[in-house]
Amino acid sequence: MRTELVSEPGQQDRPNEDFASIGLPASGQGGALVVLDGVTPPRSATGCLHSVPWYTARLGGALTEMIISLTDVPLAEILARAIARTASAHADTCDLSHPRTPQATVALARWSPETVAYLVLSDSVLLLRSPDGTVTPVLDDRIARLPRASLATDAVVDSTVRNKEGGFFTAAADPAVAARAVTGTVPRAEVRALAALTDGAARWVEKFRAGDWADCLALVRKEGPGTLVERVRTLERADGDRRFLGRGKTHDDATVVYVEF
C-alpha cells in the first residue's frame, strides 16, 4: 500500500487550519483517512475563545481515534460522536450557538478487505479510482448550487445559508449535521486508489480549470501530492487580476491525502 500526505498553509505567517491523518491498524486489515478544512472566521467575534486550528485538531483527533477503533459504526455516526465530543470540550466557556463558532468541512474514507466507505461534508473532495482508471468524484456541491446573492457577504451567508435548511452544512457544534453528509459504500475490489483534497488543493480543478478530476488524480498518482500543491501555488501567483479567484483568498491552506491499494 502507498500512502502520502501533504498539507501546506496558505500563508507562512499564519497557522494551517487544515487537519489530515491516515490510520493503519496494527492488524494490517483496512485503514482510514481524515481530512478537515477549517473555516477561516471573519474579523468579527465568533463567540469562542479557541482558534480554528484548536478545533480542527480536536475534531480530527477524535475522528482518527473513532474511525479506526469503531469499525462497526457508520461514518455519519462517527462524525456525529466526534462533533459532540469536541463541543463538550468548550461548551462551558464558549457560545456554541454562534454561527461562526469554529467549524470545518470534512472528508472521510475507511476501507476493509471487503468495502470502502466514504463521507463528504461541504466543499472538501474525495476521488475514487477504479481498476480500469475511471475516477469518480464524491462531492457535496450545495454551496456551488446556491444563488450568488446568498454568498454576497459573510453576514448574509451566516444569517441565511450557513448550517441552515436550503443552504450548506459544516461540522461545527451540532452533531445532527452529520446526517447531511454525502455518504456511501463501494466494494473494495472496485477501488484501486483514492485521494482527499481540501478546497485549497481542489482549486486546480474547480477554480483554475487546469484539468478535470481524472487529470488531478493522475497528477497526484504520478508526481505526488506535493506537486499538485506546487502547481496550485504557481497558478495563484499568476492570477494577478483575480480572473479565476474572484473574491477568494490569494493562497488557501492546501491538503492532499493519497492512498493506493
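Residues numbered from 1 in each chain as written. Predicted model: local features only at pLDDT ≥ 70, side-chain atom pairs only at ≥ 80, totals over all residues. Heavy atoms only, no water.

**A word on the overall build of the protein**
From N to C terminus, the protein includes six helices and 10 strands. At 18 Å, the protein has a C-alpha radius of gyration in line with the 18 Å of a compact globule built from 261 residues. With the principal axes as the frame, the protein shows a C-alpha extent of 45 × 45 × 35 Å. Burial statistics for the protein: of 261 residues in total, 50% are counted as buried. (Helix = DSSP H or I, 4+ residues; strand = E, 2+ residues; numbered from the N terminus. Rg over C-alpha atoms; globule rule 2.2 N^0.38 Å. Buried < 20%, exposed > 50% of the residue type's maximum accessible area, 1.4 Å probe, protein only.)

**Quick notes on a positive patch on the surface**
A surface patch of like charges, here positive, comprises R148, K207, R209, R243 and R247. By the element assignment, R247 lies in the loop between α6 (225-238) and β10 (254-260). (Patch = residues over 30% accessible without salt bridge, like charges linked within 9 Å, V, L, I, M, F, W, Y side chains within 5 Å. Areas by Shrake-Rupley, 256 points an atom, 1.4 Å probe, with all protein chains shown as cover. Salt bridge = Lys/Arg side-chain N within 4 Å of Asp/Glu carboxyl O. Lys, Arg positive; Asp, Glu negative; His and termini not counted. Charge placed at Lys NZ, Arg CZ, Asp CG, Glu CD.)

**Some details on the packing of aromatic side chains**
Between two aromatic rings, the relevant description is the distance of the centres plus the angle of the planes. According to the stated counting rule, one finds two aromatic pairs in the structure shown. Ring geometry for W111 against F261: centres 5.4 Å apart, planes inclined by 65 degrees, an arrangement best described as edge-to-face. With W111 in strand β4 (residues 104-111) and F261 in the segment after β10, this residue pair connects regions lying 150 residues apart in the sequence. Look at F261 and you get partly exposed, because its relative accessible area is 25%. Taking 5.6 Å as the distance between ring centres and 55 degrees as the angle between the ring planes, the aromatic pair formed by F208 and F244 counts as tilted. Taken together, the positions of F208 in the loop between α4 (199-206) and α5 (213-223) and F244 in the loop between α6 and β10 put the pair 36 residues apart, joining distant regions of the chain. Under the relative-accessibility criterion, F244 is labelled partly exposed at 26%. (Phe/Tyr/Trp six-rings, centres within 6.5 Å; stacked < 30°, edge-to-face > 60°.)

**Some remarks on the state of the cysteines**
Note on terminology: a disulfide is the covalent bond linking the sulfur atoms of two cysteines. The full count for this structure, using the stated rule, is zero disulfides. Here C94 is not disulfide-linked; the sulfur of C48 is the nearest cysteine sulfur, at 3.4 Å. (Disulfide = S-S within 2.5 Å.)

**Looking at the side chain of S122**
Position of S122 relative to the elements: it lies in the loop between β5 (115-121) and β6 (125-129). Using a relative accessible area of 3% as the deciding quantity, one classes S122 as buried. Dropping the residues within four chain positions of it, S122 is found in contact with T105, D140, I143, F168, F169 and T170. (Contact = heavy atoms within 4.5 Å.)

**Some remarks on the nonpolar core**
Residues L63 and L79 are the most contacted members of the largest nonpolar core, which totals 29 residues. Counting residues per element, the ones that place at least two in this core are β3 (31-38), α1 (52-69), α2 (75-88), β4 and β5. Each residue touching L79, except ones within four places of it in the same chain, is listed here: L63, V106, L119, L121, A171 and A178. Judged by nonpolar contacts, the second largest core, of 22 residues, contains V135, A193, L217 and Y258. (Core = buried A, V, L, I, M, F, W, Y, C linked by side-chain atoms within 4.5 Å.)

**Here we look at α2**
Taking 1.5 Å per residue, 14 residues should reach 20 Å; α2 reaches 20 Å between its end C-alpha atoms and fits that length. All of the buried residues along α2 are L75, I78, L79, A80, A82, I83, T86 and A87. Where α2 is buried, its residues meet α1, β4 and β5. (Expected span 1.5 Å × (residues − 1).)

**Looking at the sheet that holds β6**
Taken together, the five strands give an open sheet; going across it, the order is β1-β10-β9-β6-β7, and neighbouring strands pair in antiparallel fashion. What marks the edges here is a single partner per strand, and that holds for β1 (2-8) and β7 (135-138). Between one strand axis and the next, the sheet turns by 10 degrees as a mean value, whatever way the strands run. In this structure, β6 lies alongside strand β9 (residues 193-197), joined through five bridges in antiparallel fashion. Residue pairing for β9: V125 is matched across the bridge by L197. (Pairing = 2+ DSSP bridges. Axes fitted to C-alpha atoms, helices over the stretch in contact; angles between N-to-C directions.)

Scope: geometric values only; no functional claims are made or implied.
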